[in-house]
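So you can see what is in the structure, the chains are spelled out below.
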Amino acid sequence: MLPLGGKPVLQWVVERCLRIKGCDKVICALPDDEYNDPLEKIALDAGADVYRGSQHDVLARYYYAVKHLDTEYVMRVTSDCPLLDPDVCAELLDKVYLSNKEYGVTSWFPHGLDCEVLSKRLLVESFEKAVHKYDREHVTLWIKRHYQERTIYLKPERNFTIKNRWVLDYPADYEFLKLCNDLLNSEENIVGWRGVVATLDSNPDAREINSKYIELWASQNRDIYKEAATQPAK
């Protein structure tokens, strides 16, 4: 709900999702507690549908959000990524669809351009088989472990991951995103990820604002993956 360039972060995410070529519907899968009620209004006003479900079993929330939809694929993005690039998402969607695979994910892009595409069939399978609390919380963690050899990866032409963090988790991330917004003057325009990189190349100090969290997040992510791997699927 924090303001960025005159509108909430969630609104940026929804508006960018609505511009993804090949996507027919945008759904915000929100927890069903009163605390998240204000987010529902933001999502609806921005043009998304809303599904309310379990706060902690996010995999179930995703499953029930699309259970009755006649769709072959589901794209997953998270609401903490206001610099999400619709073109990157569309490219991944095309790559998965044309390959006739069931799961694809962005890799080596800056953290904040995260996007995944999975078949509805695979979503159902993971919903039925995943049992570890982290698998239920992180939606595609079970798929990442069991479909690693069958995963399609979309990578940029350069490796930017080490020195770029474009996601909103910490106060320093918010300061970084506000600076990016000011530098890009992007209130009325969607600037692609290459434009952000070019801007940061001209303002190298901006990257340092939240850089200390890059390895922290990576370490925490590795720990979650390892713990989830200790319990097999049913």
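The rules behind these values
- Residues numbered from 1 in each chain as written.
- Predicted model: local features only at pLDDT ≥ 70, side-chain atom pairs only at ≥ 80, totals over all residues.
- Heavy atoms only, no water.
- Buried < 20%, exposed > 50% of the residue type's maximum accessible area, 1.4 Å probe, protein only.
- Helix = DSSP H or I, 4+ residues; strand = E, 2+ residues; numbered from the N terminus.
- Pairing = 2+ DSSP bridges.
- Right-handed = clockwise from strand over helix to strand, strands pointing away.
- 1 Å grid on protein atoms, 1.4 Å probe; cavity = no way out; pocket = protein on both sides within 12 Å on 5 of 7 lines; lining within 4 Å.
- Points joined across faces, edges and corners; volume = space filled by probe spheres on them.
- Nonpolar A, V, L, I, M, F, W, Y, C, P; charged D, E, K, R; others polar.
- Core = buried A, V, L, I, M, F, W, Y, C linked by side-chain atoms within 4.5 Å.
- Contact = heavy atoms within 4.5 Å.
- Salt bridge = Lys/Arg side-chain N within 4 Å of Asp/Glu carboxyl O.
- Phe/Tyr/Trp six-rings, centres within 6.5 Å; stacked < 30°, edge-to-face > 60°.
- Lys NZ or Arg CZ within 6 Å of the ring centre and 35° of its normal.

(A) Here's a closer look at the pairing of strand β3 (residues 27–31). Most of β3 is tucked away: 4 of the 5 residues are buried. Two elements, β3 and strand β4 (residues 49–53), share 5 bridges in a ladder whose sense is parallel. When the sheet's bridge partners are listed, L30 is paired in β4 with R52. Viewed along the sheet, the connection from β3 through helix α2 (residues 37–46) into β4 turns out right-handed.

(B) How the structure looks around empty space enclosed by the protein. Enumeration over the complete set of coordinates arrives at 2 cavities of 30 Å³ or more. Quantified by volume, the second largest cavity comes out at close to 30 Å³. Considering the residues around the second largest cavity, the lining is formed by K163, N164, R165, W166, F176, L200, R207, N210, S211 and I214. Among the residues forming the lining of the second largest cavity, the class breakdown is 4 nonpolar, 3 polar and 3 charged.

(C) Layout of the environment of C180. Mapped onto the elements, C180 comes out in helix α8 (residues 171–184). Counting along the chain gives 20 residues from C180 to L200, while the straight-line C-alpha distance between them is 8.1 Å.

(D) View of the nonpolar core. By size, the foremost hydrophobic cluster in this structure holds 45 residues, and its most contacted members are M75 and W166. Mapped by element, the contributors of at least two residues to this core are α1 (9–17), β3, α2, β5 (73–76), α4 (86–99), α8 and α9 (193–202). Ignoring sequence-local partners within four residues, the contact set of M75 consists of I20, C23, C89, L93, C115, E116 and V117.

(E) Structural detail: the pattern of salt bridges. By the definition in use, this model includes 17 salt bridges. Here K7 makes a salt bridge to E15, at a shortest N to O gap of 2.7 Å. On the basis of relative accessibility, which here comes to 14%, the residue K7 falls in the buried class. Taking relative accessible area as the criterion, E15 reaches 24% and is therefore assigned partly exposed.

(F) Here's a closer look at the packing of aromatic side chains. This structure, assessed with the given rule, holds 7 aromatic pairs. Taking the centre distance of 5.6 Å and the plane angle of 80° together, the rings of Y64 and F127 count as edge-to-face. In this pair, Y64 sits in helix α3 (residues 58–66) while F127 sits in helix α5 (residues 120–129), placing the two residues 63 residues apart along the sequence. Using a relative accessible area of 39% as the deciding quantity, one classes Y64 as partly exposed. Between the aromatic rings of W142 and Y147, the centroid separation amounts to 6.3 Å while the plane-to-plane angle is 55°, which identifies the pairing as tilted. Side by side, W142 and Y147 carry an identical accessibility label, which is buried. An aromatic cluster is present here, built from Y63, Y64 and F127 joined pairwise through their rings. Above the face of the W12 ring, K7 is positioned so that its terminal group lies 4.2 Å from the ring centre. Directly above the ring of Y134 sits K133, whose terminal nitrogen or CZ lies 5.3 Å from the centroid.

In short, shape yes, function no, at least from these values alone.
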